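In case you want the letters, here they are:
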Amino acid sequence: MSETTEALTLTIDEHGIGLAVMDLPGKPMNLLNDELAAPLLALVDRLEQDAALKGLVIASGKKDFMAGADVDRLWALTTAQQAFDASMMFKRVLRRIERCGKPVVAAIHGMCLGGGLELAMACHARIVLNDGKARLGLPEVKLGLLPGGGGTQRLPRLVGIQAALQMMGEGADVRADKALAMGLVTALAANRDELLAQAHDWARAHPKPRQPWDEPKFKFPGGDGKSPAVVQMLAIAPSIASAKSHGNYPAITHIMSSVFEGSLLDIDNALELESRYFAACAVSPESRNMIGTLWYQLNAIKKGRSRPAQVPASSVKKLGILGAGMMGAGIAHVAAMAGIEVVLLDTTAEAAERGKAHSQGLLDQAVKKGRRSAEQREAALARITPTTQYERLSGCDLVIEAVFEDRAVKAGVTRQAEAVIGADAVFASNTSTLPITGLAKASARPANFIGLHFFSPVDKMPLVEIIVGAQTSPETLARGFDFVLQIGKTPIVVNDSRGFYTSRVFATYVLEGLALLAEGVHPRHIEQAGLQAGMPMPPLALQDEVSLSLALHVADQTRKDLAAEGRPYTPHPGEAVLRALCEIGRVGKKAGRGFYDWSDDGRSLWPGLKELYPSRAEQPPQAELIDRLMFAQANEAARCFEEGVVRSVADANIGSIFGWGFAPFQGGALQFINAMGPARFVARAGELVERYGPRFAPAAVVRRLAEQGRRFED
Ligand code: NAD
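Residues numbered from 1 in each chain as written. Predicted model: local features only at pLDDT ≥ 70, side-chain atom pairs only at ≥ 80, totals over all residues. Heavy atoms only, no water.

Would you mind showing me how to read the overall build of the chain here?
Along its length, the chain carries 29 helices and 22 strands. A compact globule built from 714 residues should have a C-alpha radius of gyration of about 27 Å, and the chain, at 28 Å, falls within 12% of that. Overall size of the chain, expressed as C-alpha extent along the three principal axes, is 85 × 65 × 55 Å. Relative to its full complement of 714 residues, the chain shows a buried share of 54%. Long-range contacts, defined as pairs at least 24 residues apart, comprise 73% of the intrachain contacts of the chain with a sequence gap of at least 6. With the model as given, the accessible surface of the chain reaches about 30,100 Å², and the carbon-plus-sulfur share is 55%. Here the chain carries 78 positive and 78 negative side-chain charges, and the mean point of each set is 1 Å from the other. (Helix = DSSP H or I, 4+ residues; strand = E, 2+ residues; numbered from the N terminus. Rg over C-alpha atoms; globule rule 2.2 N^0.38 Å. Buried < 20%, exposed > 50% of the residue type's maximum accessible area, 1.4 Å probe, protein only. Contact = heavy atoms within 4.5 Å. Areas by Shrake-Rupley, 256 points an atom, 1.4 Å probe, with all protein chains shown as cover. Lys, Arg positive; Asp, Glu negative; His and termini not counted. Charge placed at Lys NZ, Arg CZ, Asp CG, Glu CD.)

Here it is as structure tokens:
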């Protein structure tokens, strides 16, 4: 027999075992929304009442089992009580599944995340299709949340407290074989038919299952919160977590508390306790910031918010890359991984081969770690053709130059490539500093010329800053945008101007750190403030990484360019520090010496720094340092928005987090102002102006928003 609702199909076989297939209409993924929750609830009623239904296999009709909860529903929760009630409602249903006295088996393929895994863990067994695509995880922490559907209670009861904390604290997912090894799943299946057959067999073989935690003698694998090993681990876990998160991510602490305290309770009380911690996370400003930016704004970007809508979708089949250095090789790698044929050109065959060897190295590692198969490696490598011959570029839809940062060299390669490629091919520059409109002068078709600014290391960094020159056509922008999505990166679109968006705002963070040093703030306080603010690297270490000489070169070039345009130049107080260190050869990590002495073992502050910049006897409070580092960036981002350099709030926020690691829990550089409220931002910026100078003067757009009682909105 067969019964169907829109989202759930139930078929019952001759043994009385039902197969429930979830398939939300009109959605690429199954989500736990009302549309699916209602038939699931009806199914549980039936399971309890219908004696003819002897067991159930839950599977998915989509390419994944389930993505998780419906974020729209979470976003709509505005009070802690609402969050608590919503979490309890879901868990009551899950609890009825596990206590119905009949076997319920999850037959999992593809992604099984968040609420999907919580549903699966409430089933009596989990069989997973082991085809390399399965991923199981609880990623809630990445949106500042806690798995509130029983995740913090069932996961540690299945895999042990330590493994559970690690998985939920990082929000990382695991593959099928790892999930089996850690005890998260019951068995693996080799193909789709076997998946359903094994799930079905399990149900028939276990007519009256109970969850292990419903057994009176249940013991946590590895011990509960009273066992000495766990107590010892829990004694240090919070300090390890806060050393990493600096207390900026309350969800991490709440997850730990929920796991630890819950391990001392029976499952029903533990589940209720979890809902209280869930409620605290759901209404926290951190989670609101993260969901707003890292979910809604990111999705809007991926859906093409900044892409000219009228241009038809495109894809790149053959890509040319000029310059097989660090960036060129990195771009070749990600493009080849996305299935694109790549011609990698350099001045010598050795240099071009070296570029391809970069991919070989990355893929060898991936194969070693089991993340790729040997066949995938060979297929990707076969797509990269190293060469010195421009003729090989014939037929490329897109060419990206990543040669030396030199106008003449870039002009030369532009002309040579354009002589070969088709008239409608797009030509992109990966320049980090040179204005695109100027570089486009070397092009015979500036409408097809665009900036695609990648970040290093290319295989890891998620962002590409697309720079629109004065003559870049909407079609070229759309094609650049489509390409960035095609290789799995996130595009933001910015207008051509000095430093574009990311480099310009990023510089204010580092330079503010240098200004603090010049004022006699102890370097350790500066570095600590950067980390506490939530930045991934402290300012002085970061400046060493990106090189002091490069930053000084950019500052000098800006001074010269502005003088040529007859415009005034106001040096940042941090610039003098750059110059002073460069003059004594302390140019950064590449030289092994900058603010730090660098060695293979790591870095240590250069002892001479305290003679060059003696620390004042009285040090400013840490909060003041943090404000300076963060206000400098947020204000510069607002100026970029006001000047039209960055075109949308979403691009500004996502660009800041993905581009230079702006504190994710703040939701990005403009959300920093929104969350605080523009009026408060203006008032505090006013204090900073009085103490530290006019660079803190709030951007006009923020003053306007403050006066009108509004916020940044797209
Ligand atoms: P790199 O020095 O590692 O590589 C440059 C490559 O270009 C070399 O292999 C060189 O042989 C080759 N080359 C030089 N002239 C050439 C020519 N006429 N024809 C063909 N190949 C030529 O430099 P990189 O760090 O990869 O930077 C390349 C570009 O990317 C620069 O414009 C840089 O500003 C930009 N960029 C760099 C970074 C970064 O972090 N390094 C980040 C973003 C953008």
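Would you mind showing me how to read the pairing of strand E7 (residues 104–108) here?
The two faces of the sheet receive side chains in turn, since in a regular strand these alternate between them. Where burial is concerned, most of E7 is hidden: 5 out of the 5 residues are buried. Pairing between strand E5 (residues 55–60) and E7: 3 bridges, direction parallel. Paired with Leu-56 across the strands is Val-104, a residue of E7. Here E7 pairs with strand E9 (residues 125–129) via 4 bridges, running parallel. Residue pairing for E9: Ala-106 is matched across the bridge by Arg-126. (Pairing = 2+ DSSP bridges.)

Is there a simple way to think about the pairing of strand E16 (residues 398–401) in this case?
Burial along E16 is two-sided: Leu-398 and Ile-400 and Val-399 and Glu-401, pointing in opposite directions, are all buried. Summarising the sheet, strand E13 (residues 318–322) and E16 pair through 4 bridges and their orientation is parallel. By the bridge assignment for E16, Leu-322 is matched with Glu-401. The pairing of E16 with strand E17 (residues 426–429) spans 4 bridges and is parallel. Each bridged residue has a counterpart across the sheet, and for Val-399 the counterpart in E17 is Phe-427. With helix H16 (residues 407–418) bridging E16 and its parallel neighbour E17, the resulting β-α-β unit is right-handed. (Right-handed = clockwise from strand over helix to strand, strands pointing away.)

Looking at this structure, I do not really get the packing of aromatic side chains. What am I missing?
Each aromatic ring pair is specified by the distance between its two centres and by the angle formed by the two planes. Applying the stated rule across the entire model yields 12 aromatic pairs. Ring geometry for Phe-218 and Phe-220: centres 5.6 Å apart, planes at 55°, overall tilted. Residues Phe-631 and Phe-672 carry aromatic rings whose centres are separated by 5.7 Å and whose planes lie at 90° to one another, so their mutual orientation is edge-to-face. Of this pair, Phe-631 sits in helix H25 (residues 622–642) while Phe-672 sits in helix H27 (residues 669–676); the two residues are 41 residues apart in sequence, bridging distant segments of the chain. We note that Phe-631, like Phe-672, is buried. Taken together through their ring pairs, the aromatic side chains of Phe-631, Phe-662, Phe-672 and Phe-681 make up a single cluster. The ring centre of Trp-75 lies 4.2 Å from the NZ or CZ of Arg-288, which sits over that ring. (Phe/Tyr/Trp six-rings, centres within 6.5 Å; stacked < 30°, edge-to-face > 60°. Lys NZ or Arg CZ within 6 Å of the ring centre and 35° of its normal.)

Mind showing me how you'd approach the environment of Gln-543 here?
For Gln-543, the position within the fold is in helix H21 (residues 539–546). With 113 residues separating them along the chain, Gln-543 and Asn-430 place their C-alpha atoms 21 Å apart. Residues within four places of Gln-543 in sequence aside, it is in contact with Val-510, Leu-514, Leu-548, Ala-551, Leu-578 and Phe-595.

How should the sheet that holds strand E20 (residues 490–495) be read in this particular structure?
Where strands meet in a sheet, backbone hydrogen bonds hold them as pairs that are either parallel or antiparallel. Taking strand neighbours across the sheet as the criterion, the 8 strands line up as E15-E14-E13-E16-E17-E18-E19-E20 in an open arrangement whose pairing is mixed. The open sheet has two edge strands with one neighbour each: strand E15 (384–387) and E20. Here the strands of the sheet are splayed against their neighbours by 25° on average, with no regard to which way each runs. Each of strand E19 (463–468) and E20 touches helix H26 (residues 649–660); the most contacted strand, E20, lies at about 120° to it. (Axes fitted to C-alpha atoms, helices over the stretch in contact; angles between N-to-C directions.)

How should the pattern of salt bridges be read in this particular structure?
Close approach of charged atoms allows side chains of opposite charge to pair. For the structure on display, the rule yields 43 salt bridges. For the salt bridge of Asp-556 with Arg-579, the shortest nitrogen-to-oxygen distance reads 3.0 Å. In this pair, Asp-556 sits in helix H22 (residues 548–564) while Arg-579 sits in helix H23 (residues 573–583), placing the two residues 23 residues apart along the sequence. On the basis of relative accessibility, which here comes to 24%, the residue Asp-556 falls in the partly exposed class. The class for Arg-579 is partly exposed, based on a relative accessible area of 27%. In this structure, Glu-565 engages Arg-567 in a salt bridge whose closest nitrogen and oxygen atoms are separated by 2.6 Å. Residues joined in a network through salt bridges with shared partners are Arg-95, Glu-98, Arg-99, Arg-154, Asp-214 and Asp-268. (Salt bridge = Lys/Arg side-chain N within 4 Å of Asp/Glu carboxyl O.)

Which parts of the structure should I look at to understand the nonpolar core?
For soluble globular proteins, nonpolar side chains are generally found buried alongside one another. Of all hydrophobic cores here, the largest spans 176 residues; its most connected members are Leu-136, Leu-184, Tyr-501 and Phe-595. Top element by residues in this core is H25. It accounts for 10 residues. Counting 32 residues, the second-largest nonpolar core is a separate cluster that includes Ala-332, Ile-384, Val-484 and Val-493. (Core = buried A, V, L, I, M, F, W, Y, C linked by side-chain atoms within 4.5 Å.)

What's the story with the sheet that holds strand E10 (residues 135–137) in this structure? I'm lost.
An order of E8-E10-E11 is seen for the 3 strands of this open sheet, with the pairing classed as mixed. Lying at the two open borders of the sheet, with one neighbouring strand each, are strand E8 (111–113) and strand E11 (173–174). Of the strand pairs in this sheet, E8 and E10 are connected by 3 bridges, and their pairing is parallel. Bridge pairing in E10 links Leu-113 to Gly-137. Where helix H4 (residues 115–122) meets the sheet, it contacts E8 and E10, and its direction lies at approximately 85° from that of E8.

For this particular structure, what's the right way to read the state of the cysteines?
Covalent bonding between the sulfur atoms of two cysteines defines a disulfide. All chains considered together, the criterion is met by 0 disulfides. No disulfide involves Cys-100; its sulfur sits 9.6 Å from that of Cys-123, the nearest cysteine. (Disulfide = S-S within 2.5 Å.)

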